[in-house]
Structures are given as C-alpha cells and as structure tokens.
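# Architecture and fold: a report
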Amino acid sequence: MHIYRAIIEGINFAFMERMRLMKRGASHRFEETYWGGSQSDEICQITADMFGIPSVCTQPHEVAGIGAFKDYHKAVSAMAHKKDGFIPDMEQ
C-alpha cells in the first residue's frame with residue numbers, strides 16, 4: 001500500500017507543478033480537479049488531499065474530443081460528467 005501511495009503522490013507532484021505554472025501564467029484560480037482516467041476512489045481522495053481542493057472523478061473514465069468543441073467549457077460539459085466528489089482532508 002505504501003508503494004502504491006508513493007507512486008500516486010509522485011505523479012500528483014508533477015501535476016501540482018504544472019498547475020502552479022498555469023496559475024502563474026494565466027492568473028487562473030483552480031476550484032476543483034477533474035480526473036477522467038481514475039477508477040479508484042483512493043486515488044481521487046489522495047489527490048484532493050494533496051491539492052487542497054475538491055477532486056472529482058468523472059464518468060466515463062476516458063474521454064477525447066480534440067478539435068470537436070469550440071472551447072474547453074463546452075467540451076467538459078459535453079464529455080465529463082461528475083461521478084464522485086472528494087473533499088480534501090487537510091490533516092492528511
């Protein structure tokens with residue numbers, strides 16, 4: 001279990017760095033994260049805990065639509081439907 005968690009945390013640290021760069025470059029404030037590839041509640045909870053914002057697992061697990069939608073928000077609303085939400089546990 002500890003190795004599994006360490007792998008997930010390592011991946012999340014890379015995502016967190018990208019998010020930090022996006023926030024700085026676009027002055028964007030993230031309110032939640034969406035994870036379409038995860039079928040694990042544990043991964044989504046670890047992610048919420050690390051990012052400090054709600055984490056949402058979507059249904060279906062895999063989506064694609066590059067160039068099929070006019071903008072990001074239309075793509076998300078058409079393809080990524082909230083399945084489960086996870087609130088960060090800041091004590092973790």
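Residues numbered from 1 in each chain as written. Predicted model: local features only at pLDDT ≥ 70, side-chain atom pairs only at ≥ 80, totals over all residues. Heavy atoms only, no water.

### Considerations on the overall build of the chain
Put simply, the rule is: The secondary structure listing takes helices from DSSP runs of H or I that are at least 4 residues long and strands from runs of E that are at least 2 residues long, numbered from the N terminus. Exposure is judged per residue with a 1.4 Å probe applied to protein chains only, and the accessible area is read against the type maximum: over 50% gives exposed, under 20% gives buried, and values in between give partly exposed. Residue contacts follow a heavy-atom distance rule, with two residues in contact if any of their heavy atoms lie within 4.5 Å. Per-residue accessibility takes into account occlusion by the displayed protein chains alone, with areas from the Shrake-Rupley method and a 1.4 Å probe.
Helices and strands together make up the secondary structure of the chain, namely three helices and three strands. Mapped in sequence order, the helices and strands of the chain form the string α-β-α-β-α-β. By residue count, 28% of the 92 residues in the chain fall in the buried class. Partitioning the intrachain contacts of the chain with sequence separation of at least 6 by distance along the chain shows that 57% fall at a separation of at least 24. Of the accessible surface of the chain, which amounts to about 6700 Å², a share of 57% is contributed by carbon and sulfur atoms.

### Describing the state of the cysteines
Definition in use: The definition used for a disulfide is geometric: two cysteine sulfur atoms within 2.5 Å.
Scanning the entire structure with this criterion turns up one disulfide. Covalent S-S linkage joins Cys-44 and Cys-57, the inter-sulfur distance amounting to 1.9 Å. Between Cys-44 and Cys-57 the sulfur-sulfur dihedral comes to about 95°; the bridge is accordingly right-handed. In this pair, Cys-44 sits in helix H2 (residues 41-51) while Cys-57 sits in strand E2 (residues 55-59), placing the two residues 13 residues apart along the sequence. You'll find Cys-44 and Cys-57 in the same group, each marked buried.

### Here's the deal with the pairing of E2
Where we set the bar: Between any two strands, pairing holds if DSSP finds at least two bridges.
The element E2 is extensively covered by neighbouring structure, given that four of its five residues are classed as buried. As paired elements, strand E1 (residues 33-35) and E2 share three bridges and run parallel to each other. For Thr-33, the partnering residue across the bridge sits in E2 and is Ser-55. Relative to strand E3 (residues 81-86), E2 runs antiparallel, the two being bridged by five bridges. Bridge assignment links Thr-58 to a residue of E3, and that residue is Lys-82.

### Quick word on the pattern of salt bridges
Put simply, the rule is: We count a salt bridge whenever a side-chain nitrogen from Lys or Arg sits within 4 Å of a carboxyl oxygen from Asp or Glu.
Counted according to the given criterion, the structure contains two salt bridges. A salt bridge links Glu-9 to Arg-5; the nearest nitrogen and oxygen atoms lie 3.0 Å apart. Residue Glu-9 and its partner Arg-5 are located together in helix H1 (residues 2-26), separated by four residues, close to a single helical turn. Look at Arg-5 and you get partly exposed, because its relative accessible area is 24%. In this structure, Arg-20 and Glu-17 form a salt bridge, with 2.6 Å as the shortest nitrogen-oxygen distance. Taken together, the residues Arg-20 and Glu-17, both in helix H1 and three residues apart, mark about one turn of the helix.

### Regarding the nonpolar core
Spelled out, the test is: In plain words, nonpolar cores are sets of buried Ala, Val, Leu, Ile, Met, Phe, Trp, Tyr and Cys residues tied together by side-chain atoms within 4.5 Å.
The biggest cluster of nonpolar side chains holds nine residues, and these are Ile-8, Met-19, Phe-30, Trp-35, Ile-43, Ile-46, Met-50, Phe-51 and Ile-53. Only H1 and H2 provide two or more residues apiece to this core. No other element matches the four residues that H2 contributes to this core. When residues no more than four places from it in sequence are discounted, the contact partners of Ile-8 are Ile-43 and Ile-46.

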